[in-house]
Structures are given as structure tokens and as C-alpha cells.
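Here are the chains, one letter per residue:
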Amino acid sequence: MSGICGIWHRDRSPLDSSILHRMTEFLVYRGRDSTHCWQQAEIGFGHTLLHCHQDSQPDGICHLPPFSLTADVRLDNRRALVTQLQQNDCPVTLHTSDSQLLLWAYHTWGKACLDYLLGDYVFALWDSQAQQLWCVRDPLGVKPFFFAQVGSLFLFSNTLNALRLHPAVSTQLNEEAIADFLLFDFNQTPQTTVFQDIQRLPGGHTLTCTPQHFNLQRYWTLPIPEFLPYRRDEDYLEPFQHLMNQAVSDRLRRREAALFLSGGLDSTMLAQTALNAMPEVNYQAFTVIYRELFKDPEGDYAQIVANSLHLPLKLIPADHYVPFEGWQNPAFHPPEPYNIPFLTQDYSVYQQVLTHSPVVLYGQGSDEGMRPSPLTELCRGMPLGELLRGLKRTLWHAHLKPPLGTGILGKLRGSHRDIWQGYPQWLNPDFERRYELRDRWQTFAQPQPPSPHPWRSKAYSDLLQPLWWYNFEATDPGFSRVPLEVRYPFLDLRLLNYLLSLSPLPWFINKHLLRVTLQKHLPPTIWQRPKTPLAGDPVYIYLQKGLQPWQSAQQQHREFLTTYIDLDALFCFTQQPNLPPPLAWSSLRPVSLGYWLKHCKLPHSALRKDRTSNNNSRTV
């Protein structure tokens with residue numbers, strides 16, 4: 001895991017090394033094992049490293065003339081990549097660092113090297129001969145990448161606030177991003193950030209920079225694999241277990257690792273796979289529990305899983321965390337507005353996980369990869385014979401009911417979709433008119449066209465939602481301020497490609513694929529349990545108890561919010577009795593925004609005040 005940054009004066013004016021060192025020192029919290037700076041006339045890279053891969057050499061800024069590379073990279077399927085590079089006479093071994101493998105891949109195949117890479121990565125590669133900087137973000141966008149172009153100056157980093165340390169980067173806000181946050185919870189234009197000068201490189205894209213031009217290009221989209229018509233159940237289960245083993249093993253290149261264990265099927269599958277694929281690793285599971293605020297059974301389920309698998313488990317009580325508690329401390333504030341009332345809870349949980357390992361597995365992605373398809377969709381895209389065979393297996397063998405997807409019940413009840421339900425009635429009218437927010441709401445409220453996948457349209461489109469990038473960034477150290485790397489085995493591209501090639505009948509109905517796999521290892525209490533949401537909503541419970549977070553918006557943040565919010569309308573709206581949970585949640589966005597705006601224009605020195613420099617820092 002690394003912090004990376006870079007500065008390039010495209011007009012070849014001299015580079016101020018003190019600014020590069022300042023940005024690099026800011027990133028020390030992301031990697032305390034080593035800190036490097038490299039500078040060549042008008043361009044310079046900064047790199048901080050936390051060594052998370054104990055089977056390979058440490059990463060850093062790499063050089064292979066005329067190329068120089070800084071990267072935050074974790075590669076999958078390294079053995080195959082090493083073999084391919086060795087066949088091209090590259091001096092690499094299985095102990096070669098991921099960054100060095102990446103650099104040799106570029107040396108061998110040029111920009112086509114992306115066809116040979118699997119994993120999560122962002123990198124910037126400088127070609128001094130061609131005077132070209134090539135920036136890349138991994139296909140799904142698991143690792144973040146930000147950049148700024150101010151005149152002839154080009155900056156990049158995997159940490160947004162590092163770019164704000166450069167005096168040329170203004171504090172001017174992108175109010176369209178603020179509008180999207182208030183409407184939808186996140187920015188609907190993923191190439192931009194909340195700062196006018198700072199951009200985001202989308203997942204699956206490259207950015208090629210020369211002194212004359214910029215070229216943003218998509219290099220990847222989710223493939224549509226061929227249909228796999230297996231006959232026997234074992235033919236489905238064996239490849240699935242093999243790919244799960246691969247996905248987990250490639251993410252566990254350490255002697256110790258942590259797991260988020262909820263007691264649900266997804267995290268249980270990860271735990272069972274990890275213990276089966278890498279039994280030599282020292283594991284520790286962590287479960288957030290509620291006992292007093294409301295009775296949540298997840299801790300009990302997690303304990304059953306842990307006992308059955310002989311897995312150490314730490315239960316973390318969360319009843320005492322209060323929404324927005326501690327937000328007065330600017331150190332807790334995210335780089336962009338996020339509506340996460342329990343930031344201090346997340347920070348505390350991450351710190352506890354970090355005491356065991358800087359790497360933790362998380363089961364996010366299973367819901368989307370195993371999204372069931374209704375019969376109306378399957379009839380349009382699946383071969384008729386395979387559809388009938390799947391129905392037989394579903395109804396008679398698995399005893400499951402496939403979703404129909406006809407909408408008949410809704411039509412019989414006379415229900416219709418009100419696109420204006422949930423639209424914020426407390427926006428500042430001038431702000432609303434200036435950015436035509438009603439038109440924007442109406443545009444995004446319209447049904448989206450189906451994806452190109454013929455029988456997994458919903459699953460395919462869900463896996464490509466820009467919301468993923470914000471979820472990834474919310475668990476990244478650049479957001480959490482904790483050097484903990486969250487890894488997502490269910491989003492392994494090899495596994496997703498397999499899941500998208502299968503018939504959803506019966507395997508994705510009620511996650512039948514996971515249940516059949518787990519029944520060999522766990523008691524029926526676990527693999528037969530129904531899928532249930534969290535037993536209570538802690539935010540809503542506190543609101544029902546009388547918590548009034550909107551008072552801070554009224555009293556403390558009025559000067560920051562009045563441009564965007566009609567605070568009197570907000571306060572009246574939130575005082576109505578029995579405010580439904582979705583409306584209560586959306587009405588917290590101005591509260592989150594108020595705290596963020598109060599601290600977003602801090603001087604650069606304040607952004608760094610809780611960071612410490614690394615005594616191992618050196619200039620290469």
C-alpha cells in the first residue's frame with residue numbers, strides 16, 4: 001500500500017522541490033516503512049510505502065531508463081505474469097515487487113501491458129524520451145487517482161488533500177458537485193470532485209499527458225462472457241470454489257490478515273475460503289455489534305461462524321456512538337462531502353483492525369455479482385432450452401421460486417412511481433434555479449436503458465455504477481486517515497466473469513450458490529439463514545430519541561450553508577412528526593455539508609498539522 005504524488009511543469013520551468021517534499025510528507029501516514037522523492041528537471045514523484053506483500057520485495061519509485069514509475073499497486077495472478085515476462089527475457093522472479101513487474105510489463109508490451117494486468121492499481125509512468133506522462137486507474141476503480149491541471153502545471157496523487165497542498169490549486173468549489181451531493185448523496189459526474197481545480201480519473205481509464213495535449217481514454221469495460229450451460233451441479237460449484245480460492249489467495253500475501261465478519265453469507269464465504277486456501281495465515285475476524293441501542297443478531301451469527309471455523313473473533317460494540325459526535329474536530333473530516341454520520345465509529349473500528357493487520361477482506365460485491373434476473377429478462381436473452389432446464393432445476397430440485405419481474409402486483413394495486421418523491425424541498429431557491437436542479441433530478445429519476453448483457457442486465461449495470469468509486473474511496477486511507485487496505489475478493493474480475501456467464505436459475509436466487517457451497521462446512525443455522533438487513537437503523541433511533549443535528553446547521557453553520565440551503569425550510573421540514581427514514585436520511589446531507597464547509601478551506605498548514613514526517617525520508 002502506497003501514497004503517491006507527482007508534479008510536472010509542462011512548460012519545462014524549474015520544479016520547486018520543497019513543494020514535492022511537502023506533498024510527500026503529507027502522505028507518510030499512508031506508508032511509514034519508507035519515503036522516497038525523485039526529481040528530474042521539471043518533473044518529480046513522491047512515494048510512501050507500507051509493505052503489505054511479504055512474498056515480494058518492497059515497492060517504491062522504480063526506474064528502467066527511459067521510464068520512471070510511481071504506483072499504488074496490488075497484482076493478481078503474479079505467477080502467470082512472471083512467466084510471460086520471463087519468456088520475453090525480463091529479469092523478474094516471483095519475489096520481484098509489483099511495481100517492478102508493472103514497469104517491466106510496460107517495457108515489454110507498451111500500453112498494451114494493461115491486457116496482461118489483473119488487480120487493483122493506480123500509477124503514473126514517465127517516459128523521459130517521449131516527454132509523456134501516462135496515468136492509469138484499475139478497471140473497477142478500486143484505488144483512487146486525482147489530478148489537477150492549472151495552466152502548464154500538472155499534479156497527481158491517490159490522495160485528494162495532497163493536491164491541495166500546492167499553492168497553485170485554488171479552494172474554489174465545484175457547486176455542481178455540491179448540488180449532486182444534496183440531491184443524490186454523491187456526485188453524478190465522476191470525472192469531477194468538489195474542488196474546481198481537482199479532477200478524478202474514472203476507473204478503467206487512462207490519461208496521457210504531453211506538453212501539448214491531454215488524452216482521457218477508456219481502456220476497459222466489463223465483458224459479456226459466453227453462456228456456460230453446465231449439466232451437473234458439481235460443474236458449477238467446482239469452478240466457483242476454485243475462483244474464490246484464487247481471489248482470496250491473491251489478496252492474502254501476508255502472514256496475518258483481518259476479515260470483516262457479519263455472520264451473513266458473503267463474509268462467511270470469505271472466511272471459509274480464506275481458511276481453506278491459506279490456512280497458514282494468522283486470521284482475526286471483526287464484527288460490529290449492537291446490544292443496547294437495539295437487539296441485533298449479527299453478533300450471534302458471527303460467533304457461530306467463528307466457532308464452527310475455529311476463527312478468532314473480536315466483537316466491537318457500537319451502541320455508544322452518537323451521530324456527528326466528534327465532527328467538530330477537523331481531523332475527522334473527509335476530503336469531500338460524505339453523508340456518513342458515524343465517522344468516528346468507522347475511524348475507531350479501522351484502528352482496532354489495524355492492530356492485527358494492515359489488510360482486511362470485505363464481502364462487498366457479492367450482491368451485485370449474484371443479482372438474480374427475473375423471468376421476463378431471462379426470456380429475452382437466454383436460450384430457451386437452457387431456460388427450461390434452469391426452471392426445472394429451480395422448482396423441482398432446489399425448491400425455489402424464481403422472480404417473475406412482470407410488475408403485475410403493482411399494476412393490480414394501482415401503484416405508480418412518483419419521481420418527485422424524495423426531492424429536497426429545503427434547497428435555496430436561487431441555488432436551485434442557477435443549476436436547474438429540478439431538471440437534473442428529473443433526468444436521473446428516469447428509468448435507465450437496459451445494459452447490453454442479454455440475461456444479466458441488472459447485475460451488469462449495477463457492477464458499473466459510478467457509486468462504486470465513491471464507496472472505494474470512502475474505505476481508502478486517503479478518506480479514513482487510517483493506513484488500512486480494504487480488499488474485495490468478490491470483485492475479482494476472473495470471478496465476476498464467471499458469475500456473469502452462468503444461468504441465474506437457481507444459483508443466484510436467494511444466493512443458492514453460496515448456500516450449497518457452505519453447507520459442507522457450516523451448521524444449517526448459518527447456510528439456511530434468511531438474508532436480513534441490520535435489525536435497526538442507529539441514526540433513525542437517535543432521531544426518534546430527540547437528537548436534533550439540524551440545530552448545528554441553524555446555529556453553527558448558517559454562514560456556510562445559506563448559499564445552498566433554505567435553513568428555515570429545512571428546520572420546519574425536519575420537525576414534522578414521524579419523518580420517514582429515507583427523508584430523515586436525505587435531510588442529514590445539509591448537516592454533513594455544514595461541518596465539511598466549515599473546515600474545507602483550512603490553510604495548507606492546518607491540513608498537515610496532525611501528520612508527522614518520516615525519519616527514513618530520502619531523495620533519490
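First things first, this report covers the structure right here in the doc.

Rules used throughout
- Residues numbered from 1 in each chain as written.
- Predicted model: local features only at pLDDT ≥ 70, side-chain atom pairs only at ≥ 80, totals over all residues.
- Heavy atoms only, no water.
- Helix = DSSP H or I, 4+ residues; strand = E, 2+ residues; numbered from the N terminus.
- Contact = heavy atoms within 4.5 Å.
- Buried < 20%, exposed > 50% of the residue type's maximum accessible area, 1.4 Å probe, protein only.
- Pairing = 2+ DSSP bridges.
- Axes fitted to C-alpha atoms, helices over the stretch in contact; angles between N-to-C directions.
- Salt bridge = Lys/Arg side-chain N within 4 Å of Asp/Glu carboxyl O.

1. Remarks on unusual backbone geometry
Link 1 in the chain: Residues P65 and P66 are joined by a peptide bond in cis, for which omega reads 10°.
Link 2 in the chain: You can see P66 is positioned in the loop between β4 (62–64) and β5 (67–75).
Link 3 in the chain: At the junction of L505 and P506, the peptide bond is cis and its omega measures out at -5° in the coordinates.
Link 4 in the chain: For P506, the position within the fold is in the loop between α19 (493–499) and α20 (512–518).
Link 5 in the chain: For R12, which is not glycine, the phi dihedral falls at a positive 70°.
Link 6 in the chain: Within the secondary structure layout, R12 lies in the loop between β1 (2–9) and α1 (17–26).

2. With respect to the environment of H205
Link 1 in the chain: Here H205 lies in strand β11 (residues 205–209).
Link 2 in the chain: As a C-alpha pair, H205 and T221 span 16 residues in sequence and 9.4 Å in three-dimensional space.
Link 3 in the chain: Ignoring any residue separated from it by four or fewer positions in sequence, one finds H205 in contact with C135, V136, R137, L216, Q217, R218 and Y219.

3. Description of the pairing of β5
Link 1 in the chain: For β5, the tally of buried residues reaches nine of nine residues, placing the bulk of the element in the interior.
Link 2 in the chain: In β5, alternate side chains face the same way, and those of F67, L69, A71, V73 and L75 on one face and S68, T70, D72 and R74 on the other are all buried.
Link 3 in the chain: Linking β4 to β5, which pair antiparallel, is a turn of two residues.
Link 4 in the chain: With nine bridges joining them, β5 and strand β6 (residues 119–127) adopt antiparallel strand pairing. Each residue of the ladder has a partner; that of R74, found in β6, is D120.

4. Focus on the environment of L265
Link 1 in the chain: Tracing the backbone through its elements, the reader meets L265 in helix α7 (residues 265–277).
Link 2 in the chain: Residue L265 is classed as buried on the basis of its relative accessible area, which comes to 10%.
Link 3 in the chain: Residues L265 and I526 lie 261 residues apart in sequence; the distance between their C-alpha atoms is 7.5 Å.
Link 4 in the chain: Once residues within four sequence positions are removed from consideration, L265 is found in contact with K511, L514, R515, L518, I526 and W527.

5. Quick look at the sheet that holds strand β14 (residues 282–289)
Link 1 in the chain: Ordered in space as β15-β14-β13-β16-β17, the five strands form an open sheet in which the pairing is parallel. Among the strands making up the open sheet, the edge pair consists of β15 (313–317) and β17 (485–487). Within the sheet, the average angular offset between the axes of one strand and its neighbour, ignoring direction, is 30°.
Link 2 in the chain: Packed on one face of the sheet, helix α8 (residues 298–309) meets β14 and β15 and runs near 170° to β15.

6. Some points on the pattern of salt bridges
Link 1 in the chain: Scanning all chains against the criterion turns up 34 salt bridges.
Link 2 in the chain: E386 is the salt-bridge partner of R231, the closest N and O atoms lying 3.6 Å from each other. Placement of R231 in the loop between β12 (214–218) and α6 (233–250) and of E386 in helix α12 (residues 384–397) is noted, with a sequence separation of 155 residues between them.
Link 3 in the chain: A salt bridge links E298 to R529, with the nearest nitrogen and oxygen atoms 2.8 Å apart. Highlighted residues: E298 in helix α8 and R529 in the loop between α21 (524–527) and α22 (538–544), separated in sequence by 231 residues. Across the pair, R529 and E298 agree in class, each one buried.
Link 4 in the chain: Salt bridges sharing common partners tie together R74, D76, D120, D250, R251, D492 and R494.

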